[in-house]
Amino acid sequence: MIVDKEHEHIENDPAYMGLTVNEGIVQPESVNDESVKRFLKHKRKRSLSVDQYVEGILKGDIPLLSQAVTLVESSKPEHQHIAQEIIVKCLPHSGKSVRIGITGVPGVGKSTFIEALGKYITSRGGKLAVLAIDPSSERTKGSILGDKTRMEELSSDPNAYIRPSPSAGSLGGVARKTRETIILCEAAGFDTIFIETVGVGQSETAVHSMVDFFLLLMLAGAGDELQGIKRGIMEMADAITINKADGNNIEKAQLARIQYMNALHLFPPTESGWQPKVLTCSAYQKTGIQEIWKTINDYLAHCKSNGYFQYKRNEQAKFWMYETINEQLKSNFYLNETIARMLADAERKVLSEEISSFVAAKQLLDFYNQHKK
Ligand code: GDP
């Protein structure tokens, strides 16, 4: 096979060991230093009213949008209060974008792909916001998706806005913040929203519950087990793309495409009536990107014509209402200082078999219900 050396990638060298797992990048203490600094600078000058934020967001003022997102991400009650008022006023201006979830294991090429598809979209006049949900930051503060040097071309594109994953809180909390950030980005005029996550666990379900289209990036020649992709994640995908279909990997990618197509045919039919597609691309050489965009648009046309698009959005809105209630109830309970003290004692009693787990839970909940404000 003749390989165009200019476009050859190091990963196509047979000596290259295939799937690379990037080391997590240590995330700074705060979510986004720059925007926090800007926020504080602004705050020193004057504190903005909710209406000033909303007006700025609707005009597409990116520094103001960033500050509002920082408020959404903050756990301080006074910030949350303003954030919720901003969201309420932005809601009527939201909902008009296409929300696309993108997942795949570290090293599959998510950033390279997002940059390639992102540039394709902005070059056609689209406005793109890239958000992320990164479960690694939850426990370790080490973030796989937080690397600021990623997506250099897109970062400097005036029609693209990239926001790393909020780092604090439970997955449910992080997902809620991302969902609220979608609303602000849509009000600011972004017509395409990407939500990136690492395809290794729970966060896919959260992302799936906030997007219209779910894209799974895969590699050829690495088994599903090796890629850590669970069957459940494949079942959620509206399309699978085999990335790195370039150089001496093209044939392997074509073969993998057929295998995945056969595997998908064995899954039960989707609720939307859409048959998930399997494609190949090279994010590095920017081939196959146009076909992916076309597939996304075909899907949207399909789901808008049979009513599934609106049905899914309604279901998602309901889901997020219950998620928010559950999250609030849980955090109110655990943040209660008396409960926090009682929990240690209850744990000890359960372990020494003085009382059963259920009695302990009931006593704590009864106490909480009687004493909560
Ligand atoms: P992520 O961890 O999923 O965000 O993956 P990255 O976008 O950081 O890519 C991981 C590695 O794969 C980098 O060395 C990329 O240059 C390489 N890569 C990404 N896309 C392609 C592709 O289409 N072809 C080849 N050959 N390499 C790629």
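Bear in mind the structure is a predicted one, so any value in this text is a computation, not a measurement. (Residues numbered from 1 in each chain as written. Predicted model: local features only at pLDDT ≥ 70, side-chain atom pairs only at ≥ 80, totals over all residues. Heavy atoms only, no water.)

Q: Is there a simple way to think about the overall build of the protein in this case?
A: When its secondary structure is counted, the protein shows 16 helices and 9 strands. Relative to its 373 residues, the protein shows a buried fraction of 48%. Split by element, the accessible area of the protein, about 19,400 Å² in all, is 56% carbon and sulfur. (Helix = DSSP H or I, 4+ residues; strand = E, 2+ residues; numbered from the N terminus. Buried < 20%, exposed > 50% of the residue type's maximum accessible area, 1.4 Å probe, protein only. Areas by Shrake-Rupley, 256 points an atom, 1.4 Å probe, with all protein chains shown as cover.)

Q: It is not clear to me how the site of the ligand should be interpreted in this structure. Could you clarify?
A: Taken together, 19 residues form the shell around the ligand, and within it His9, Lys110, Ser111, Thr112 and Asp246 come nearest. In this structure, an oxygen atom belonging to the ligand sits 2.6 Å away from a side-chain N or O atom of threonine 112. At 2.8 Å, a backbone N or O of alanine 283 approaches an oxygen atom of the ligand. In isolation the ligand has 580 Å² of accessible area, and contact with the protein removes 85% of it. Looking at the shell around the ligand, the element that brings in the most residues is helix 5 (residues 110-123), giving 3 residues. (Near = heavy atom within 4 Å. Polar contact = N/O pair within 3.5 Å; in protein donor to acceptor, adjacent residues only side chain to side chain.)

Q: Got a minute to help me understand a nonpolar patch on the surface in this structure?
A: On the surface, Met321, Tyr322, Ile325 and Leu329 cluster together into a nonpolar patch covering about 410 Å² of accessible area. Relative to the helices and strands, isoleucine 325 resides in helix 14 (residues 308-335). Taking relative accessible area as the criterion, isoleucine 325 reaches 39% and is therefore assigned partly exposed. (Patch = residues over 30% accessible without salt bridge, like charges linked within 9 Å, V, L, I, M, F, W, Y side chains within 5 Å. Salt bridge = Lys/Arg side-chain N within 4 Å of Asp/Glu carboxyl O.)

Q: When you look at the pattern of salt bridges in this model, what are you seeing that I'm missing?
A: Between side chains of opposite charge, a pair can form as their charged atoms come close. By the definition in use, this model includes 14 salt bridges. Measuring nitrogen to oxygen at the nearest pair gives 2.8 Å for the salt bridge that ties arginine 348 to aspartate 345. Of this pair, arginine 348 and aspartate 345 both sit in helix 15 (residues 337-351), separated by 3 residues, roughly a single helical turn. The partner of aspartate 366 in a salt bridge is lysine 362, with the nearest N and O atoms 2.7 Å apart. Here aspartate 366 and its partner lysine 362 are both found in helix 16 (residues 357-371), 4 residues apart, which amounts to about one turn of the helix. Taken together, the shared-partner salt bridges connect Asp345, Arg348, Lys349 and Glu354 into one network.

Q: What am I meant to see in the environment of histidine 302 here?
A: Here histidine 302 is to be found in helix 13 (residues 289-305). With relative accessibility at 25%, the residue histidine 302 sits in the partly exposed group. Sequence separation between histidine 302 and serine 272 is 30 residues; the distance between their C-alpha atoms is 8.5 Å.

Q: Looking at this structure, how should I read the nonpolar core?
A: Generally speaking, nonpolar side chains in soluble globular proteins are found buried as a group. Membership of the largest hydrophobic core comes to 53 residues, with the highest contact counts inside it found for Ile57, Leu65, Ile86, Leu184, Ile195, Ile240 and Ile242. Among the elements that line this core, the one with the most residues is helix 8 (residues 171-187), at 8 residues. When near neighbours in sequence (up to four residues on either side) are disregarded, leucine 65 contacts Ile57, Tyr161, Leu184, Cys185, Ala188 and Phe190. Counting 35 residues, the second largest nonpolar core, distinct from the first, contains Ile102, Tyr120, Leu300 and Cys303. (Core = buried A, V, L, I, M, F, W, Y, C linked by side-chain atoms within 4.5 Å. Contact = heavy atoms within 4.5 Å.)

Q: What am I meant to see in the side chain of threonine 181 here?
A: Following the sequence through the fold, threonine 181 ends up in helix 8. The class for threonine 181 is buried, based on a relative accessible area of 3%. Excluding residues within four positions of it along the chain, threonine 181 makes contact with Val69, Val72 and Leu131.

Q: Any chance you could explain the sheet that holds strand 9 (residues 277-280) here in plain terms?
A: Sheet strands associate in pairs through backbone hydrogen bonding, adopting either a parallel or an antiparallel arrangement. Spatial strand order, 5-3-6-2-7-8-9: 7 strands in an open sheet with parallel pairing. Only two strands of the sheet have a single partner each, and these edge strands are strand 5 (160-162) and strand 9. Put simply, the sheet's adjacent strands are angled 20 degrees from each other on average, direction ignored. Here helix 12 (residues 250-265) sits on the sheet and contacts strand 7 (213-219), strand 8 (239-243) and strand 9; the angle it forms with strand 9, its principal contact strand, is near 170 degrees. (Pairing = 2+ DSSP bridges. Axes fitted to C-alpha atoms, helices over the stretch in contact; angles between N-to-C directions.)

Q: I'm lost on unusual backbone geometry in this one. Help?
A: Phi is mostly negative for residues that are not glycine, and the peptide bonds are mostly trans. Phi is positive for lysine 244, which is not a glycine, with a value near 65 degrees. In this structure, lysine 244 sits in the loop between strand 8 and helix 12. A relative accessible area of 14% means that lysine 244 is categorised as buried. Even without being a glycine, lysine 286 presents a positive backbone phi close to 60 degrees.

Q: Hey, could you run me through the packing of helix 3 (residues 62-73) against helix 4 (residues 77-90) in this one?
A: Two packed helices can be described by the angle between their axes and the distance between those axes. Contact geometry for helix 3 and helix 4: axes closest at 7 Å, N-to-C directions at 125 degrees. When the axis of helix 3 is compared with that of helix 4, the two are oblique. The interaxial crossing formed by helix 3 with helix 4 has left-handed handedness. Where helix 3 approaches helix 4, its residues Ala68, Leu71 and Val72 are matched on the opposing element by His79, Gln80, Ile82, Ala83, Ile86 and Ile87. When the residues that make up the contact of helix 3 with helix 4 are grouped by side-chain class, the tally is 7 nonpolar, 2 polar and no charged. (Parallel < 35°, antiparallel > 145°, perpendicular 65-115°, else oblique. Left-handed = near helix turned anticlockwise from the far one by under 90°. Nonpolar A, V, L, I, M, F, W, Y, C, P; charged D, E, K, R; others polar.)

Q: Please clarify how the pairing of strand 2 (residues 98-104) should be interpreted in this entry.
A: Side-chain direction in a regular strand flips from residue to residue, so the side chains alternate between the two faces of the sheet. Most of strand 2 sits inside the fold, with 7 of its 7 residues counted as buried. Here strand 2 shows no split at all, with Val98, Ile100, Ile102 and Gly104 on one side and Arg99, Gly101 and Thr103 on the other all buried. Sheet topology places strand 2 next to strand 7; 4 bridges connect them, and they run parallel. The residue of strand 7 that forms the bridge with isoleucine 100 is phenylalanine 213.

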